[in-house]
Amino acid sequence: REPANTKNSSSSDGGLGIAQEEMKQKMEENSQQQSNKEEGKDDTIEFRKNELVRYKEKETVTLVGVHPDPEETYYTIRREDGVEVNTVRKHIRRLATAYFRR
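Residues numbered from 1 in each chain as written. Predicted model: local features only at pLDDT ≥ 70, side-chain atom pairs only at ≥ 80, totals over all residues. Heavy atoms only, no water.

### Let's talk about the pattern of salt bridges
Keep this limit in mind: The working definition used for a salt bridge is a side-chain nitrogen of Lys or Arg within 4 Å of a carboxyl oxygen of Asp or Glu. Only runs of H or I of at least four residues qualify as helices and only runs of E of at least two qualify as strands under DSSP, and these elements are numbered from the N terminus. Buried, partly exposed and exposed residues are distinguished by accessible area as a fraction of the type maximum, computed with a 1.4 Å probe on protein chains only: under 20%, between the cut-offs, and over 50%, respectively.
Inspection of every chain in the model, using the stated rule, returns 4 salt bridges. Glutamate 51 is the partner of arginine 94 in a salt bridge, and the nearest nitrogen-oxygen pair spans 2.8 Å. With arginine 94 in strand β5 (residues 92-94) and glutamate 51 in the loop between α1 (16-38) and β1 (52-55), this residue pair connects regions lying 43 residues apart in the sequence. Take arginine 94: its relative accessible area is 35%, and that puts it in the partly exposed class.

In structure tokens, the structure reads:
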């Protein structure tokens, strides 16, 4: 008699087939996450208010607002001249070391 929490590889659910399918799906998710990171779309990075970030690879700006949205989170940044601009994740990058304004 087998313990209730183990699967018999000869069962009708395919045994290892399910585990292999789950592994394949996880690998595809990891591949997509890596692709998103390379394209600057890594949503796993969380930005915080008052964090200094790089905007369009040109200037360092202060992140003054994070606005979750069902389609895509957007951000309000403040440029050195005081102008506030709304932008999306693909235009901002975290600095090598996180810095915050007081």
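### What to know about the packing of aromatic side chains
Defined as follows: Each pair of aromatic rings taken from Phe, Tyr and Trp, with Trp reduced to its six-membered ring, is defined by centres within 6.5 Å and is described as stacked if the planes are under 30 degrees apart, edge-to-face if over 60, and tilted in the remaining cases.
All chains considered together, the criterion is met by 1 aromatic pair. Ring geometry for phenylalanine 47 versus tyrosine 75: centroids 5.7 Å apart, planes at 80 degrees, classification edge-to-face. Of this pair, phenylalanine 47 sits in the loop between α1 and β1 while tyrosine 75 sits in strand β3 (residues 74-78), and the two are 28 residues apart along the sequence. A residue is classified by how much of its surface remains accessible, and phenylalanine 47, at 6% relative accessible area, is buried.

### A few points about the confidence of the model for the protein chain
This is how the line gets drawn: You can read pLDDT as the predictor saying how much it trusts each residue, on a scale of 0 to 100. Between two residues, a contact is recorded if the distance between any of their heavy atoms is within 4.5 Å.
Within the protein chain, residue pLDDT values average 76, and 62% of them lie at 70 or more. Mean pLDDT values over the elements of the protein chain span from 66, in α1, up to 96, in strand β4 (residues 84-88). Confidence drops under a pLDDT of 50 for residues 7-11, and excluding neighbours within four residues, the segment shows 7 contacts in the predicted structure.

### Structural notes on the pairing of strand β2 (residues 59-67)
Defined as follows: Pairing between strands requires that DSSP locate at least two bridges from one strand to the other.
By the bridge criterion, 4 bridges tie β1 to β2 in an arrangement that is antiparallel. Considered in β2, the bridge of valine 53 is made with valine 61. Two successive antiparallel strands, β1 and β2, enclose a turn made up of 3 residues, where lysine 56 displays a positive phi of approximately 50 degrees. Pairing of β2 with β3 involves 5 bridges; the strand directions are antiparallel. What sits directly across from threonine 62, in β3, is arginine 78. As consecutive antiparallel partners, β2 and β3 are separated by 6 residues.

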